[in-house]
Amino acid sequence: MPSHFGKEIIYKDMEGFFIVGGNKLKGEVRMDSAKNSLLPIIACCILIEDEVELVNVPKYSDVLTMCEILCHLGGKAEFKGDNLYIDCRGIDKNCIPNELSSSVRSSIFTLGPILGRMKSAKVAYPGGCDIGLRPIDLHLKGIRELGAKVVEKNGYIYANGGNLTAGEIVLTFPSVGATENLMMLALSIPGQTRIYGGAQEPEIGDLQRFINACGGSVSGGRGNFIVVDGGRKLHGASFEAMPDRIETGTYIIATAMCGGEVALKNASLETNGALAMKMLKTSCKIEQKGDTIIVQSSGRPESFGEIETAVYPGFPTDLQAQMTALAGVSEGYSLIIENLFEARSKHVGELMKMGYDIRAKNGITIVKGRDRIFGADVTSPDLRGGAALVLAGLCAEGYTTIDNIKLVDRGYYKMEEKLRALGGDIKRLEIEKRRC
Ligand code: EPZ
């Protein structure tokens, strides 16, 4: 039965996780395709007037929202089993309203493709996790440098692509989203566009792999400038995105915290080098065997010392909250410095309710590891902060309830099922938040 978005999956407001801590993790789970690859790839389909098959697509709620956006524009997006079929031949609109755009950060990734295809676009400001201001000035600066006229008014970005011209763009900060947006806009402009100072995250390379599979020609990145040969007609393809390195890192950290032995299939340490280096300092053992990562830990590891988040290949900001959770149950002191997002420490207040000995100010967090943390009623502040609370709940004495888990569903698919398969005592419930 074809599924039309907004109807197939219904997230109940009162859903939450109920976790009883103390179990070690043991067993095997398969990591899903990368959320932060799939979101720009779905946006890129706007430029492809053919059917695209995306293989093994997890139903992250952000993926469902991006599909809603394509359907709003006049395209089609349908799941058949685990595969997602997208056909944008019917797109006849160029406006994304606030109620769709403001629910995800990745809505801004559609600006370039819509402008490239329709020659004008009206897109409301994006939303996304509340982890900082998250401006879009680099996106708009690059689009202007390619010749578009851009006006910001009444909460919308109005872009006119009357005289888009291939050229050179210099990004003063390697923004992931801006790099992706500009790469996609350049696809529709005949001639060669070069993007200097672009992001080097693996998801950029995955988007390039997708574009080239559809007949495009994009190369570079990873320390070099990106070259886009625009103006080529793009055709459909069947494509599977790379494994999600942040989901993988989250399960590595969960195993380090709970103890046990876990096999993560469809996972690669190659895109998790910074985490692997840090875990070397703990007693957690990590080994790549083919397409599987084996993680062994006795639980309560030594502290990893310190992490400082940076753009790739530095330590990923998307694993910062999970490492803070790990620090709280490790031996000794840990220092966590968040450099990318100025408000990415809302999980600290929630962890304190669980007995964490933790101080955070101006992006710097100091944690003193404890041998006991305690279950509490906590609230997920954002996607990765919510994941950090799940990890803490799995280690805590007693039970933990976590609400607002719709934010966790944005980037973890069936998290409770995967953790239960590994022996974690976690359920998705409508929860009563009473303790007396
Ligand atoms: C992407 O967000 C990811 N989201 C984020 O993952 C990830 O944390 C981030 O890249 C960094 O790796 C998706 O891919 C959907 P940025 P994005 O533009 O593109 C500043 C998760 O948990 N900036 O690289 O928004 C910005 O304020 C999410 O999966 C500007 O100043 O990240 C931030 O300080 C969270 N102006 C820094 O750059 C701009 O125009 C990094 O932002 C754009 C960004």
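Residues numbered from 1 in each chain as written. Predicted model: local features only at pLDDT ≥ 70, side-chain atom pairs only at ≥ 80, totals over all residues. Heavy atoms only, no water.

Q: Is there a simple way to explain the overall build of the protein in this structure?
A: Of regular secondary structure, the protein possesses 14 helices and 24 strands. Taken over C-alpha atoms, the radius of gyration comes to 22 Å for the protein, in line with the 22 Å a tight globule of 436 residues would show. Seen through its C-alpha atoms, the protein measures out along the principal axes to roughly 65 × 45 × 45 Å. Out of the 436 residues belonging to the protein, those deemed buried represent 58%. (Helix = DSSP H or I, 4+ residues; strand = E, 2+ residues; numbered from the N terminus. Rg over C-alpha atoms; globule rule 2.2 N^0.38 Å. Buried < 20%, exposed > 50% of the residue type's maximum accessible area, 1.4 Å probe, protein only.)

Q: Please clarify how the sheet that holds strand β11 (residues 191–196) should be interpreted in this entry.
A: Each strand in a sheet pairs with its neighbour through backbone hydrogen bonds, running either in the same direction (parallel) or in the opposite one (antiparallel). If you trace the four strands from one edge of the open sheet to the other, you get β10-β11-β13-β12, paired in mixed fashion. The sheet is open, and its two edges are formed by β10 (168–170) and β12 (218–219), each paired on a single side. In the sheet, β11 pairs with strand β13 (residues 226–230) via five bridges, with the strands oriented antiparallel. Bridge assignment links Gly191 to a residue of β13, and that residue is Gly230. (Pairing = 2+ DSSP bridges.)

Q: Mind showing me how you'd approach a nonpolar patch on the surface here?
A: A contiguous nonpolar patch, built from Tyr333, Ile364 and Ile366 and spanning about 310 Å² of accessible area, is present on the exposed surface. Structurally, Ile364 can be placed in strand β21 (residues 364–368). What makes Ile364 partly exposed here is its relative accessible area of 39%. (Patch = residues over 30% accessible without salt bridge, like charges linked within 9 Å, V, L, I, M, F, W, Y side chains within 5 Å. Areas by Shrake-Rupley, 256 points an atom, 1.4 Å probe, with all protein chains shown as cover. Salt bridge = Lys/Arg side-chain N within 4 Å of Asp/Glu carboxyl O.)

Q: Explain the packing of aromatic side chains here, please?
A: The geometry of two aromatic rings is summed up by the distance between their centres and the angle between their planes. Counted by the stated rule, this structure contains four aromatic pairs. Plain terms: the ring middles of Phe18 and Tyr399 are 5.1 Å apart, the flat faces sit at 20° to each other, and that makes the pair stacked. In this pair, Phe18 sits in strand β1 (residues 15–20) while Tyr399 sits in strand β23 (residues 399–403), placing the two residues 381 residues apart along the sequence. For Phe18, a relative accessible area of 24% gives the class partly exposed. Judged by its relative accessible area of 31%, Tyr399 falls in the partly exposed class. Aromatic side chains Tyr156 and Tyr158 sit 6.5 Å apart centroid to centroid with 50° between the ring planes, which places their arrangement in the tilted category. Taking the relative accessible area as the measure of exposure, Tyr156 reaches 16% and is therefore buried. Residue placement shows Lys59 over the ring face of Phe79; its charged tip is 4.3 Å from the ring centre. (Phe/Tyr/Trp six-rings, centres within 6.5 Å; stacked < 30°, edge-to-face > 60°. Lys NZ or Arg CZ within 6 Å of the ring centre and 35° of its normal.)

Q: Honestly, helix α11 (residues 346–353) in this entry has me stumped. Any pointers?
A: One turn of an α-helix holds 3.6 residues; hence residues three or four places apart share an orientation. If you check which residues of α11 are buried, you get His347, Val348, Glu350 and Leu351. The buried residues of α11 occupy an angular sector of 165° when projected down its axis, which confines them to one face. Where α11 is buried, its residues touch α10 (320–327), β20 (357–361), β21, β22 (377–379) and α12 (383–395). One or two steps after α11, the chain reaches Gly355, where phi turns positive at roughly 95°. (Arc of directions from axis to C-beta. Contact = heavy atoms within 4.5 Å.)

Q: Can you help me understand helix α5 (residues 137–145) in this one?
A: Turning to α5, its buried residues number three or more, namely Leu138, His139, Leu140, Gly142 and Ile143. If you follow the buried residues of α5, they end up packed against α4 (111–118), β8 (149–153), β9 (156–160), β10 and α6 (176–187). Trailing α5 by a residue or two, Gly147 shows a phi angle of about 105°, which is positive.

Q: Sorry, what's going on with the site of the ligand here?
A: Near the ligand you find 23 residues, and of these Asp137, Leu138, Ser175, Asp318 and Leu340 are the closest. Residue Arg105 places a side-chain N or O atom 2.8 Å away from an oxygen atom belonging to the ligand. A distance of 2.8 Å is found between an oxygen atom of the ligand and a side-chain nitrogen or oxygen belonging to Arg384. The protein chains hide 91% of the 830 Å² of surface that the ligand would expose on its own. Taken together, the elements giving at least two residues each to the shell around the ligand come down to α1 (35–44), α5, α6 and α12. Considering only residue class, the shell around the ligand consists of 11 nonpolar, five polar and seven charged. Here the shell around the ligand gathers at least three residues from each of two domains, domain 1 (9–31 + 243–435) and domain 2 (35–239). (Near = heavy atom within 4 Å. Polar contact = N/O pair within 3.5 Å; in protein donor to acceptor, adjacent residues only side chain to side chain. Nonpolar A, V, L, I, M, F, W, Y, C, P; charged D, E, K, R; others polar. Domains from an automatic or database assignment.)

Q: Would you mind going over the side chain of Asp87 with me for this structure?
A: Here Asp87 lies in strand β5 (residues 83–87). Taking relative accessible area as the criterion, Asp87 reaches 13% and is therefore assigned buried. Only 2.7 Å separates the side chain of Asp87 from the side chain of Arg89, close enough to count as a polar contact. In this structure, Asp87 is in contact with Asp50, Gly75 and Lys76, ignoring residues within four places of it in sequence.

Q: Would you explain the nonpolar core in this entry?
A: If you look at soluble globular proteins, the nonpolar side chains tend to sit buried side by side. Ranked by size, the top nonpolar core spans 71 residues in total, and within it Leu54, Val63, Leu84 and Phe210 carry the most contacts. Filtering out sequence-adjacent residues up to four positions away, Leu54 remains in contact with Leu38, Ile41, Ile42, Asp82, Asn83, Leu84, Ile86, Phe210 and Phe239. Counting 63 residues, the second-largest nonpolar core is a separate cluster that includes Ile131, Ile246, Met257 and Cys395. (Core = buried A, V, L, I, M, F, W, Y, C linked by side-chain atoms within 4.5 Å.)

Q: How do you make sense of unusual backbone geometry when you look at a structure like this?
A: Phi is mostly negative for residues that are not glycine, and the peptide bonds are mostly trans. In this structure, Pro313 follows Tyr312 across a cis peptide bond, with omega equal to 10°. For Pro313, the location among the structural elements is in the loop between β18 (306–308) and α10. Of note in this structure, Asn266 is not a glycine but carries a positive phi near 55°. By the element assignment, Asn266 lies in the loop between β15 (260–265) and α9 (273–280).

Q: Would you mind showing me how to read the domain arrangement of the protein here?
A: By a widespread convention, an interface's size corresponds to the accessible area lost as its parts come together. For the protein, the assigned domains are domain 1 (9–31 + 243–435) and domain 2 (35–239). On a C-alpha basis, the centres of domain 1 and domain 2 stand 30 Å from each other. Across the contact, 24 residues belong to domain 1 and 26 residues belong to domain 2. Summed over both sides, the interface between domain 1 and domain 2 buries roughly 2,100 Å², with carbon and sulfur atoms accounting for 55% of that surface. Taken as a group, Tyr312, Arg410 and Tyr413 account for 33% of the area that domain 1 buries against domain 2, more than any other trio of residues on that side. In this structure, the connection of domain 1 to domain 2 is made through three salt bridges. Put simply, Arg245 and Glu203 hold a salt bridge, and the shortest N to O gap is 2.7 Å. Here domain 1 is connected to domain 2 by nine residue pairs in polar contact (both at pLDDT 80 or more). Those elements that provide at least two residues to the side of domain 1 that touches domain 2 are α12 and α13 (406–409). (Buried area = accessible area lost by both parts, 1.4 Å probe.)

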